[in-house]
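# Structural description and commentary
The chain contents come next:
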Amino acid sequence: MFILGISCFYHDAAACLIKDGKIVAAAEEERFTRKKHDISFPINAINYCLKEAGIAAREIDYIVFYEKPLLKFERLLSQYIHTFPKSFWAFYKSVPSWLNEKLRVPSVIRKKLKYKGDILFIEHHMAHAASSYLVSPFKESAILTIDGVGEWATTAFGYAKGNDITITKEIHFPHSIGLLYSTVTAYLGFKVNNDEYKVMGLAPYGKPVYYDQFKKVIKVHEDGSYELDMDYFVYHYKLSMPSRKFIEEFGPPRKRESKVEQRHIDFAASVQKLTEDIMINMVNHLHKETKMDSLCLAGGVALNSVANGKILKNSPFKNVYIQAAASDAGTSLGAAFYAYNTILGKERVYTMQDAYHGPSFSLDYIKKFLDKNGIKYSRFESENELLKETARLIYENNVIGWFQDRMEWGPRALGARSILSNASNPDMKDILNLKVKHREQFRPFAPVVTLEDAYDYFEADKPMPIPADFMLMVYPIKEDKKSLIPSVTHVDGSGRLQTIRKEQNRRYYNLIKEFQKLSNIPILINTSFNIRGEPIVCTPEDAYRCMMGTGIDYLVLEDFLIARKDNPKDMWDSEKIAKD
Amino acid sequence: MSNLKIFLGGFRKGFKDFSAVITDIVNFVLLSVVYFIGVGIVALGSRIAGKKFLNLKSGENSSWVKRNLSKRPLEEYYRSF
C-alpha cells in the first residue's frame, strides 16, 4: 500500500511516500526548485518520490494533506472580523492565494498529479504529533507539539499508545510561543520563518536582562500554559509582528544588516531563556498528567536544540524523540503515517533511525556529468584510499564538500550533503566563514562525533537520544576538551552535536575514524553544503556549482575527488548572488 | 523582420504588464467590497451582539483548551474541515 503525505502553501513544502508503513522517499520542495523554504505545491518532491518507488500517481492508495484548510481559513476570517477594519491589508494580501489554491487543495492535487484516488485531511498538530511518535521507537509516549500556528492550535499536548494518538489539550491562536519567538526574530532584524536559529545562536553571548520585562508580554500559568498580552503584537491583523507598544517597551528594533549591539544580544538571550523555561514547565506538566517515561516533541519550536538539550535533565522523562524534520516539512511524513498506522490501523513496522530519504545519484551519472563538462577529477576504486585521502585533506585544514548517497530529510546536513573541516583548528571558523559561509560571526559551527566517543567530549544524556543523530540537541562540551575542538565550541561552552552510528552511514563514520587516526580527535566540523541564502545542494551539479562559487577546496562526489584549483575556469563568486 | 520581432516582444510584455495592473485594480476593488461590506457587516453585528471571534485575553489561570482529538472513522478524514 502506497500513501503520499503532502505539506505546502505555508512554509517548507514537502512530500513523503510510504509503502506498507515504511518510508520510500521524502524530500523538501526547496531542494529541487532551489528556493529556500519554498511553499509551493511540491510537485518536484512528489515526482521524485514516485520515481524512487517506480510507480505512477494513480497507484497511490491515499494522498494525505497535512492540515484542514477550511479550519485554517475559518481562523483567518475570525482574525479579519475581530480586528476589522485594521485587518484590511492582511485580508487583501492573503485572500487571493486562498481563493486560487489553498481552498482548492483536492482539485489542485487531482489536476497536478492526474490523481483520481482518495484524499484525506489531518489536523495540523495531529500531523506533527504523528510525525514524531509513529516513527519513534516508543510503544507509548507523551506528546508535545509547538509551532507558530496550525488551524487554531499553536501548542498541543497529549499521549499515544500503540497506534493511537490523543490530543487532550491545546493552546489556541493568537497565543503562540512560536510566534513570540518569530516576533523577536523580526525585532532583531532577522527573517521570520528562516532566521530563528540565528536568535538561538546569538543568545549565549548575552545575559537575559529582559527576562523580567518579558513577563509583561507573556503570562505563564502554573499548569504549563501561557498567554500573550496581544497589545504587544500586531500579527493577528497585520503582516508585521511587534506592535508600537512592544517597541516602546523594548526600544527601537534592529535594522537588517546593521550592527548587532549588546542590547540585541541580551534580548535574544532573554527570549531563549523564556522559551526554555516555558518548554520545561510544559514538559513537567505533561509528565504529571501522563506519568509516561517517553516524550515525543514536534513542531518548529522543537528545532530549538538548546532547549531540547535541557529537557531530560530538567524533567522526569527518561527518553525523548524528535524526528529529523520537526517543522512543517515533517507533517507530510506525519500525515502519511497517521493514515497508515492510525486511521487504517496497520501495524507499526518502522522507526526512523536515519534521515537519508532523498535523491541519490549513480557513479555513472556523476562520471557522465564530470566528463561532459570537462571537469578534472580523480576516481578512487578503493573506499579505504578515498577516506584516507579525504581525512588527510581535512587534517591539512582544507574545506571539503562531501556529497554521498541519499540526501538528508529535514533542515540539517548530516553527512550526505555536508561541508566538512578540521574542528581542532582554532582558526577554522574564520576560514570557513571567509571561504564559504560568509555568515554572522556569532553563529557557531556544529561538530559531528562518533557515538561511542561522544561521552568523552560532551556532557550528554545517557543513553544518547536519537534526536542527537539529527543534530537536534545541544550539550555542554567537557571542560578539558574545549581547547581540543575550539572551532565547534560555542561561547557558552556548548556544541550542537551530530552523533553518528556506523550502521547509519558507514562511509561518513569511517571518514571520522580515519581523521581520528591522524588527529586523535573523532570529531569534524559539519556544516550544511550550500551557498549563503540557498537551500542545501541536491544534485552533483548543485554541489559542483557551489564549490566553484565559494572557497571549498575539494569536492568528494561519491568515489570522485575534485580539486577546485584544478578547475579554475569555472570559478565564480556566489556572494554576488547571495541572498539571506 | 528582427525589428518586427522586437516590436512584438515588447508589445507582448507591455500587454502582460497592463493586464497585471488591471488584475490588481479589479482584485483591489472586489476585495475591498467584500471586506468592507461582507467582513464589515459581520464585524459590526458581532460587536453589537458581544460575540468575540478571537480570545485575546482569557483572564483565567489556564490557557489550555480541552480537546479529545483522537482517531475517528475514515469518512471524517475526507473533509477539509
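Quick caveat: nothing in here was measured; it's all calculated off a predicted structure. (Residues numbered from 1 in each chain as written. Chains lettered and ligands numbered in written order. Predicted model: local features only at pLDDT ≥ 70, side-chain atom pairs only at ≥ 80, totals over all residues. Heavy atoms only, no water.)

## Notes on the overall build of chain B
When helices and strands are tallied, chain B shows one helix and one strand. Relative to the compact-globule value of 12 Å for 81 residues, chain B shows a C-alpha radius of gyration of 25 Å, a clear excess of over 25%. Projected onto its principal axes, the C-alpha positions of chain B cover 75 × 40 × 25 Å. Of the roughly 6300 Å² that chain B leaves accessible, carbon and sulfur atoms contribute 67%. Placing the 13 positive and 5 negative side-chain charges of chain B at their respective mean positions leaves the two points 3 Å apart. (Helix = DSSP H or I, 4+ residues; strand = E, 2+ residues; numbered from the N terminus. Rg over C-alpha atoms; globule rule 2.2 N^0.38 Å. Areas by Shrake-Rupley, 256 points an atom, 1.4 Å probe, with all protein chains shown as cover. Lys, Arg positive; Asp, Glu negative; His and termini not counted. Charge placed at Lys NZ, Arg CZ, Asp CG, Glu CD.)

## A few points about the packing of helix H4 (residues 88–100) of chain A against helix H1 (residues 2–49) of chain B
Where H4 of chain A meets H1 of chain B, the axes come as close as 10 Å, and the angle between the chain directions of the two elements is 120°. One element, H4 of chain A, and the other, H1 of chain B, form an angle in the oblique class. For the element pair H4 of chain A and H1 of chain B, the recorded crossing hand is right-handed. Where H4 of chain A abuts H1 of chain B, its residues Phe88, Trp89, Phe91, Tyr92, Val95 and Pro96 of chain A lie against Asp24, Asn27, Phe28, Leu31, Ser32, Val34, Tyr35, Phe36 and Val39 of chain B. (Axes fitted to C-alpha atoms, helices over the stretch in contact; angles between N-to-C directions. Parallel < 35°, antiparallel > 145°, perpendicular 65-115°, else oblique. Left-handed = near helix turned anticlockwise from the far one by under 90°. Contact = heavy atoms within 4.5 Å.)

## Details of the packing of aromatic side chains
Scanning the model with the defined rule gives 43 aromatic pairs over all chains in all. Ring geometry for Phe157 of chain A against Trp64 of chain B: centres 4.7 Å apart, planes inclined by 80°, an arrangement best described as edge-to-face. Residue Phe157 of chain A is found in strand E7 (residues 153–161), and its partner Trp64 of chain B is found in the loop between H1 and strand E1 (65–69); the two belong to separate chains. One aromatic cluster is present, built from ring pairs that chain together Tyr80, Phe84, Phe88, Trp89, Phe91 and Tyr92 of chain A together with Phe28, Tyr35 and Phe36 of chain B. Over the ring of Tyr10 of chain A we find Lys72 of chain A; its NZ or CZ atom is 4.3 Å from the centre of that ring. Looking at Arg417 of chain A, its charged tip hangs above the ring of Phe403 of chain A, at a distance of 3.8 Å from the centre. (Phe/Tyr/Trp six-rings, centres within 6.5 Å; stacked < 30°, edge-to-face > 60°. Lys NZ or Arg CZ within 6 Å of the ring centre and 35° of its normal.)

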